[in-house]
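The lines below spell out each chain.
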Amino acid sequence: MTDDSDSTQSQDATSSPDTAAPYSPSRRRFIKNIGLSGLAAGAASTGFGNAVAAETADADTHGPAAGTQRVSFKINGEPTQLDVTPNTVLLDAIRHNLAMPGTKKGCDHGQCGACNVHVNGTVINSCLSLAVMHDGDEITTVEGLGDADNLGALQRAFLEHDGYQCGYCTAGQMMTACSILADKRIGTSDRDVRDAMSGNICRCGAYKNIVAAIQDARGKVSG
């Protein structure tokens, strides 16, 4: 017959995290390290993969920090260098480490268009693209279209035609609009514009005004 106290002690010893096998991680350790799975999860933003900005003064003399990779690109015409973890998405690098909050995090699945930016002249979902993939690229965000003191033609058109309500999707709408206005393969009718803009969702329903703004900016937006 087995003594109940001995059985209880044996059971407690088996379940204690202090006696777990070295290669059998506890739940706490698993949660701590789960951010590393972002790369395998289709580059979805996990919150654990935020970029770490490289110190400008030390960028040329020191290598990237442990667990990070150095990436260099131009953003809105300015050379930029960052040390990022492998699973950092471009959206997080832009917003959190480059202090450019115009690009928005929407669905995080590439379905709403709020995070759209231009990479080498092509509009992409920045929430689905890893920052390390863009070494040497030229990136344009909504901040590159103009600022409050010097609005670009498309920004002025959105303002004049009330092409926004809450404004959350507006940056992505304008980045897509800028791309299609520069694409000669896309027709010029309202229907053509609506079809080309179908990847951008406006939950406020300002689609009619968005189309009017884009049409007004036609011919005023450079490629």
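Residues numbered from 1 in each chain as written. Predicted model: local features only at pLDDT ≥ 70, side-chain atom pairs only at ≥ 80, totals over all residues. Heavy atoms only, no water.

## Looking at the overall build of the protein
Inference 1: Each helix and strand in the protein was counted, giving 7 helices and 6 strands.
Inference 2: Each helix (α) and strand (β) of the protein, taken in turn from the N terminus, gives the series α-α-β-β-β-α-β-β-β-α-α-α-α.
Inference 3: Residue burial in the protein is summarised as follows: out of 223 residues, 36% are buried.
Inference 4: Carbon and sulfur atoms make up 50% of the accessible area of the protein, which amounts to about 13,000 Å² in all. (Helix = DSSP H or I, 4+ residues; strand = E, 2+ residues; numbered from the N terminus. Buried < 20%, exposed > 50% of the residue type's maximum accessible area, 1.4 Å probe, protein only. Areas by Shrake-Rupley, 256 points an atom, 1.4 Å probe, with all protein chains shown as cover.)

## Examining the nonpolar core
Inference 1: If you look at the biggest cluster of nonpolar residues, it comprises 23 residues, and the most contacted ones within it are L154, F158, M197, I210, I214 and V221.
Inference 2: Going through the elements one at a time, α4 (153–160), α5 (170–181) and α7 (207–217) are the ones with two or more residues in this core.
Inference 3: By residue number, the principal contributor to this core is α5, which donates 7 residues.
Inference 4: Look past the residues within four positions of F158 in its chain and what remains in contact with it is G163, Y164, T170, Q173, M174, I210, A213 and I214. (Core = buried A, V, L, I, M, F, W, Y, C linked by side-chain atoms within 4.5 Å. Contact = heavy atoms within 4.5 Å.)

## Focus: the packing of α4 against α5
Inference 1: Direction vectors running N to C along α4 and α5 enclose 125°, while the axes themselves pass 10 Å from each other. Classed by the angle they form, the pair α4 and α5 counts as oblique. Of the two possible hands of crossing, α4 and α5 adopt the one that is right-handed. Of the residues in α5, those in contact with L154, Q155 and F158 of α4 are T170, Q173, M174, A177, C178 and L181.
Inference 2: Here the contact of α4 with α5 is built from residues that sort into 6 nonpolar, 3 polar and no charged. (Axes fitted to C-alpha atoms, helices over the stretch in contact; angles between N-to-C directions. Parallel < 35°, antiparallel > 145°, perpendicular 65-115°, else oblique. Left-handed = near helix turned anticlockwise from the far one by under 90°. Nonpolar A, V, L, I, M, F, W, Y, C, P; charged D, E, K, R; others polar.)

## Some points on α5
One full turn of an α-helix is made of 3.6 residues, so residues set three or four places apart face in the same direction.
Inference 1: Compared with an ideal rise of 1.5 Å per residue, which puts 12 residues at 16 Å, α5 spans 16 Å between its outermost C-alpha atoms and is within 8% of the ideal.
Inference 2: Burial of α5 is extensive: 12 of the 12 residues sit out of reach of the surface.
Inference 3: Looking at the buried side of α5, the elements it contacts are β4 (116–119), β5 (122–125), β6 (138–140), α4, α6 (190–196) and α7. (Expected span 1.5 Å × (residues − 1).)

## Some details on unusual backbone geometry
Inference 1: In this structure, N76 takes a positive phi of about 55° despite not being glycine.
Inference 2: Mapped onto the fold, N76 is located in the loop between β2 (69–75) and β3 (78–84).
Inference 3: Phi at D108 takes a positive value of approximately 65°, unusual for a residue other than glycine.
Inference 4: Looking at the secondary structure, you find D108 in the loop between α3 (90–97) and β4.

## Quick word on the pattern of salt bridges
Inference 1: Tallied over the full model, the rule gives 5 salt bridges.
Inference 2: With a closest N to O distance of 3.1 Å, K105 and D92 form a salt bridge. Placement of K105 in the loop between α3 and β4 and of D92 in helix α3 is noted, with a sequence separation of 13 residues between them.
Inference 3: Look at K105 and you get partly exposed, because its relative accessible area is 26%.
Inference 4: The salt bridge involving D216 is made with K220; its shortest N-O contact spans 3.5 Å.
Inference 5: The class for K220 is exposed, based on a relative accessible area of 52%.
Inference 6: One network of salt bridges, with partners in common, ties together D92, K105 and D108. (Salt bridge = Lys/Arg side-chain N within 4 Å of Asp/Glu carboxyl O.)

## Observations concerning the side chain of S126
Inference 1: Here S126 is to be found in the loop between β5 and β6.
Inference 2: Under the relative-accessibility criterion, S126 is labelled buried at 0%.
Inference 3: For S126, the side chain forms a polar contact with the main-chain oxygen of C115, separated by 2.7 Å.
Inference 4: Excluding anything up to four places from it in sequence, S126 contacts V89, L90, L91, T103, C115 and V117. (Polar contact = N/O pair within 3.5 Å; in protein donor to acceptor, adjacent residues only side chain to side chain.)

## Thoughts on the packing of α4 against α7
Inference 1: Running from N to C, α4 and α7 cross one another at 140°; their axes reach a closest spacing of 8 Å. Of the possible angle classes, the one that applies to α4 and α7 is oblique. In the packing of α4 onto α7, the handedness of the crossing is right-handed. The residues of α7 that touch α4, namely those facing A153, L154, A157, F158 and E160, are I210, A213, I214, D216 and A217.
Inference 2: Taken together, the residues that form the contact of α4 with α7 break down as 8 nonpolar, no polar and 2 charged.

Function-wise, these values are silent; they only describe arrangement.
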